[in-house]
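Residue strings, one per chain:
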Amino acid sequence: MSRSERKWDHIRFALENGQERRSALDDIQFIHQSLPNLNVSDIRLDHSIGELSLSSPIFINAMTGGGGEKTFRINKELAIVARNTGLAMAVGSQMSALKEKNERYTYEVVRKENPNGVLIANLGSEATPDDAKMAIQMIEANALQIHLNVIQELTMPEGDREFSGALRRIESIVQAVNIPVIVKEVGFGMCKETVELISSIGVTAVDVGGFGGTNFAEIENKRREKSLSFFNQWGIPSAISIIEAAYASNRIAVIGSGGFISAFDMAKGLALGADAIGVAGYFLRILIEFGVEALQAEINTVHKELSVIMTALGARTISDLKRAPVIISGATHHWLDQRGIN
Ligand code: FNR
C-alpha cells in the first residue's frame, strides 16, 4: 500500500469513527450466497437513470458553489478525474455565476476539460426557468440538479427565511428545460411524502442527500455565536432515506448520497433501491489532500471492489444488485416498522 493510499485510509477511518456512524448503513447486512454462479469478468457497472446513460453507478456530487480561483481549480481537477474515470459529475450551485458574468469561467472549465462526459448543472429552488436554461447552457449540461437546503439556510444567520412556492417553481423549470431534472437534498435526507410530491411534477430523479456525511448544520453552527445545535442531529439517515424514496407510490429514480465512503456502503445503498450513489465530501478531501491521481486511483479501487462485492452476491448488473436481499436491523428496522414500510 502506497503512502497516499494509507493516508486516505486514514481519512476514511476518521470519517467512519471520528463520530458515530449516522448514515444507518451499518444496520444493513447482505445475505451471503455460496453459489453466485458468476465470474468477476461478467460484472457490468453501467446503468441508466431515465435518459441518462452512466458508465458507473457512482458520480461526483455537487460541490464548490461560489466562484473564484479556488472553485475554478477544484472544478477543473474534478472534471479531469471525471473524464479519466468515466464518472458523471455535478457542479456546485451556479447562482453566483449567473449574477456575475466574470465568474462563469469557473464552471465552463468542466465542459472544456470533459467534452464528452455527463455533466450536471446545479441551482437552488429559488431559480427561475431562465436561470435554469442559462446554468444548463453554461456547461452544456446533460441534467440539472435543483438543491433543497432549508436546514442549512435556517442555520445561517444571513440565510433565507422564505421557502414557500418551491415545488411550483421547480415544476415550471421541469416544464421549461429539455433535459432530466434531479431534485436533491444536501445532507438532511428526504422522506417518502417529499419524494411523492417531487415525483408528481415530472422530475426524473431524487437524490436523497441523507444524514450521516457532510453536515451543513454543524458547519454553519460553527460560524454562529448562538448555535442552533438541535439541527446538528437533524435529518433522515441515508440508508433510511433511500428506502423511503424507493417506497414512494409513484416510481421515480432514486440516487443515494450522504456519507458514502466505501464500495461496501455504495453496494448497500444500491441494494436498498438506489440507481446511483453520489459522493461529495470524501472525494473532495482526497482531491485536496492528495491530488488528481490519488482520487482517480481511489475511484478505480472502488469500481474493482464493487465488482467483487457484486460477484459475491451473484448480481451481474446494477439492476440485479438493486434486488439483492438484505437484512435490516437496529434503529433502521424500528423506523421502517413505525412508518409501515416493509
Ligand atoms: C456541497 N454540496 C452542495 N450541494 C449542492 O446541491 N450545491 C452546492 O453548491 C453544494 N456545495 C457543496 C460544497 C461542499 C464543500 C460540499 C462538501 C458539499 C452538498 C453535496 O452535494 C452533498 O449533497 C452533501 O455533501 C452530502 O454528501 P457527502 O458529502 O456526505 O458525500
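What you see as residue numbers is a count from 1 along each chain, following the sequence as written. The model is predicted, so local features are restricted to residues of pLDDT at least 70 and side-chain atom pairs to those at 80 or more, both for listing and for counting; the totals for chains, interfaces and linings are taken over all residues. Working from all heavy atoms in the structure, the side-chain values ignore hydrogens and water.

## Some details on the overall build of the chain
By the criteria applied, helices consist of DSSP H or I runs no shorter than four residues and strands consist of E runs no shorter than two, each listed in order from the N terminus. Secondary structure summary: the chain contains 15 helices and 12 strands in total. Put simply, the radius of gyration uses C-alpha atoms, and a globule should come to 2.2 Å times the residue count raised to 0.38. Taking 342 residues into account, the globule formula puts the C-alpha radius of gyration at 20 Å, and the chain, at 19 Å, falls close to it. For the chain, the C-alpha atoms occupy an extent of roughly 60 × 45 × 45 Å along the three principal directions. Relative accessibility under 20% of the residue-type maximum defines a buried residue, over 50% an exposed one, and the middle range a partly exposed one, all with a 1.4 Å probe and only protein chains included. Relative to its full complement of 342 residues, the chain shows a buried share of 55%. Here the chain displays about 15300 Å² of accessible surface, and carbon together with sulfur accounts for 50% of that area. Put simply, the chain has 34 plus and 40 minus side-chain charges, and the middle of one group is 2 Å from the middle of the other. Each accessible area is a Shrake-Rupley result for a 1.4 Å probe, and residues are judged covered by the shown protein chains and nothing else. Neither His nor the chain ends contribute to the count of charged residues, in which Lys and Arg are positive and Asp and Glu negative. Charge placement uses NZ in Lys and CZ in Arg. For Asp and Glu, CG and CD serve respectively.

## Observations regarding helix α4 (residues 105–113)
All of the buried residues in α4 are Thr106, Tyr107, Val109, Val110, Arg111 and Glu113. Contacts were defined at the residue level, with two residues in contact if any of their heavy atoms lie within 4.5 Å. Next to the buried residues of α4 lie α2 (68–85), β5 (88–90), α3 (95–99), β6 (119–124) and α5 (129–139).

## A look at the UniProt feature "binding site: substrate" (unreviewed entry) in the chain
UniProt positions are given in the numbering used here, feature names are shortened, and annotations may be inferred rather than shown by experiment. The feature "binding site: substrate" (unreviewed entry), as annotated in UniProt, sits at Arg6, Lys7 and Gln152 in this numbering. In this fold, Gln152 is placed in helix α6 (residues 150–155). Not counting the four nearest positions on each side in its chain, Gln152 is found in contact with Val186, Phe188, Phe216 and Glu220.

## Looking at the pairing of β6
A large share of β6 lies buried, amounting to 6 of its 6 residues. With burial as the criterion, each face of β6 is covered, one bearing Leu119, Ala121 and Leu123 and the other bearing Ile120, Asn122 and Gly124. Strand pairing is defined by DSSP finding a minimum of two bridges between the two strands. As paired strands, β5 and β6 are joined by 2 bridges and run parallel to one another. Across the sheet, residue Ala90 finds its bridge partner in β6, namely Ile120. By the bridge criterion, 5 bridges tie β6 to strand β7 (residues 143–148) in an arrangement that is parallel. By the bridge assignment, Gly124 is partnered in β7 with His147. Handedness of a crossover: with both strands directed away from the viewer, a clockwise path from the first strand across the helix to the second marks it as right-handed. For the crossover that starts at β6, traverses α5 and ends in the parallel β7, the hand is right-handed.

## Here's the deal with the UniProt feature "binding site: FMN" (unreviewed entry) in the chain
Cross-referencing UniProt, the feature "binding site: FMN" (unreviewed entry) maps to Ala62, Met63, Thr64, Ser93, Asn122, Lys184, Thr214, Ala280 and Gly281 in the present numbering. Position of Met63 relative to the elements: it lies in the loop between β4 (58–60) and α2. Setting aside residues no more than four positions away along its own chain, Met63 makes contact with Asn75, Leu78, Ala90, Val91, Gly92, Val279, Ala280, Gly281 and Leu284. If you trace the backbone, Ser93 turns up in the loop between β5 and α3. Identification of polar contacts relies on pairs of N or O atoms within 3.5 Å, with a donor-acceptor requirement for protein atoms, meaning one able to donate a hydrogen and the other able to accept it, and with residues adjacent in sequence counted only if both atoms are side-chain atoms. Of the polar contacts made by the side chain of Ser93, one reaches the backbone nitrogen of Met95; its length is 3.4 Å.

## Describing the pattern of salt bridges
Any Lys or Arg side-chain nitrogen found within 4 Å of a carboxyl oxygen on Asp or Glu counts as a salt bridge. Inspection of the entire model under this criterion finds 12 salt bridges. The partner of Arg339 in a salt bridge is Glu193, and the shortest N-O contact between them spans 2.7 Å. In this pair, Arg339 sits in the segment after α15 (330–338) while Glu193 sits in helix α8 (residues 192–199), placing the two residues 146 residues apart along the sequence. Looking at Glu193, the relative accessible area reads 36%, which means it is partly exposed. Among the ionic contacts, a cluster of salt bridges with common partners joins Lys76, Arg83 and Glu113.

## Some thoughts on the environment of Ala253
Assignment of secondary structure puts Ala253 in strand β10 (residues 253–257). With relative accessibility at 15%, the residue Ala253 sits in the buried group. Separated by 205 residues in the primary sequence, Ala253 and Ser48 have C-alpha atoms spaced 9.4 Å apart. Setting aside chain neighbours within four positions, we find Ala253 in contact with Ile49, Thr204, Ala205, Val206 and Asp275.

## Structural notes on the environment of Asn122
For Asn122, the location among the structural elements is in strand β6. Residues Asn122 and Glu185 lie 63 residues apart in sequence; the distance between their C-alpha atoms is 12 Å. Once residues lying within four places of it in the same chain are set aside, the contact partners of Asn122 are Ala62, Val91, Gly92, Ser93, Gln94, Leu144, Gln145, His147 and Lys184. A polar contact is formed between the side chain of Asn122 and the backbone nitrogen of Ser93, at a distance of 3.5 Å. For Asn122, the side chain forms a polar contact with the side chain of Gln145, separated by 2.8 Å.

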